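# Remarks on the overall topology
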Amino acid sequence: MNAPTVVRSSQRRIGTTTADYATTDTPIGPFTALIDPDGAVLASGWTADAENLRTLIHPTLRPAELRRRDSLGELTRVITDYHAGDLTAIDTVPVRQHSGEFLLHAWEVLRKVPAGAPITYTEYAAVSGRPDATRAAANACARNAAALFIPCHRIFRIGGALGGFRWGLPIKRWLLDHEGAARSALFATT
């Protein structure tokens, strides 16, 4: 799945009429992904409610209809592989979101935060180029419709508090523990 990480707003598709979706069972519950006709993720999260995910998509990209599939092929394999421990499986999945330049840039930066090495909102603001904009960095996490593929779960508060997460703090904790354990196991074998 070699593709751009975040498709910039100038490359967006307006008027997507139908998005395909599939729900995959994971150790932390159902995970649903909605994709556009090009296979880019429009929205995703730990839910079986595709319609709720549809409402998270920016209006210029929001599909009018959803079409359920049993599988999204390679994307479903990537979701399964990530939850089974292949933390890099999600790295090249194309994502399509629309917003202003800062949010698009901030989402690209999120994709560079390594699994197993979470950072604070303050650090995230700094690496996004706006060190005084901690709230804007937190807003980028909150407005991210493509959970997992744009890994906003890798950002936490100063002092180690988890902060918020659309899919619940138990899921965020599981993801951070999963990534930390897999990263530790990798370094233990090298």
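It should be emphasised that the depicted structure is a prediction, and the values quoted were computed from it without experimental measurement. (Residues numbered from 1 in each chain as written. Predicted model: local features only at pLDDT ≥ 70, side-chain atom pairs only at ≥ 80, totals over all residues. Heavy atoms only, no water.)

## Things to note about the environment of A133
In this fold, A133 is placed in the loop between α4 (121–127) and α5 (134–142). Its relative accessible area of 14% is what places A133 among the buried residues. Linking A133 and Y121, residues 12 residues apart in sequence, is a C-alpha distance of 9.2 Å. (Helix = DSSP H or I, 4+ residues; strand = E, 2+ residues; numbered from the N terminus. Buried < 20%, exposed > 50% of the residue type's maximum accessible area, 1.4 Å probe, protein only.)

## A word on the packing of aromatic side chains
Within this structure, the stated rule accounts for 3 aromatic pairs. Ring geometry for F31 versus F149: centroids 6.0 Å apart, planes at 75°, classification edge-to-face. Here F149 lies in the loop between α5 and β8 (155–156) and F31 lies in strand β3 (residues 29–35), a separation of 118 residues in the sequence. Both residues of the pair, F31 and F149, belong to the buried class. Joined through ring pairs, the aromatic side chains of F31, W46, F149 and F165 make up one cluster. The positively charged end of R130 is found above the aromatic ring belonging to F102, 4.5 Å away from the centroid. (Phe/Tyr/Trp six-rings, centres within 6.5 Å; stacked < 30°, edge-to-face > 60°. Lys NZ or Arg CZ within 6 Å of the ring centre and 35° of its normal.)

## A closer look at the nonpolar core
Where a protein is soluble and globular, its nonpolar side chains tend to be buried together. The biggest cluster of nonpolar side chains holds 54 residues, and the ones touching the most others in it are V41, W46, L75, L110, Y124, F149 and I155. No other element matches helix α3 (residues 101–110), which puts 7 residues into this core. In this structure L110 touches Y124, C141, I150, P151, C152 and I155, once residues within four positions along its chain are discounted. (Core = buried A, V, L, I, M, F, W, Y, C linked by side-chain atoms within 4.5 Å. Contact = heavy atoms within 4.5 Å.)

## Comments concerning the pattern of salt bridges
In total, this model carries 10 salt bridges according to the counting rule given. Ionic pairing is found between D81 and R77, a salt bridge with its closest N-O pair at 2.3 Å. Here D81 and its partner R77 are both found in helix α2 (residues 74–84), 4 residues apart, which amounts to about one turn of the helix. Given the relative accessible area of 40%, R77 is considered partly exposed. (Salt bridge = Lys/Arg side-chain N within 4 Å of Asp/Glu carboxyl O.)

## Topic: unusual backbone geometry
In this structure, L148 takes a positive phi of about 80° despite not being glycine. Along the chain, the position of L148 falls in the loop between α5 and β8.

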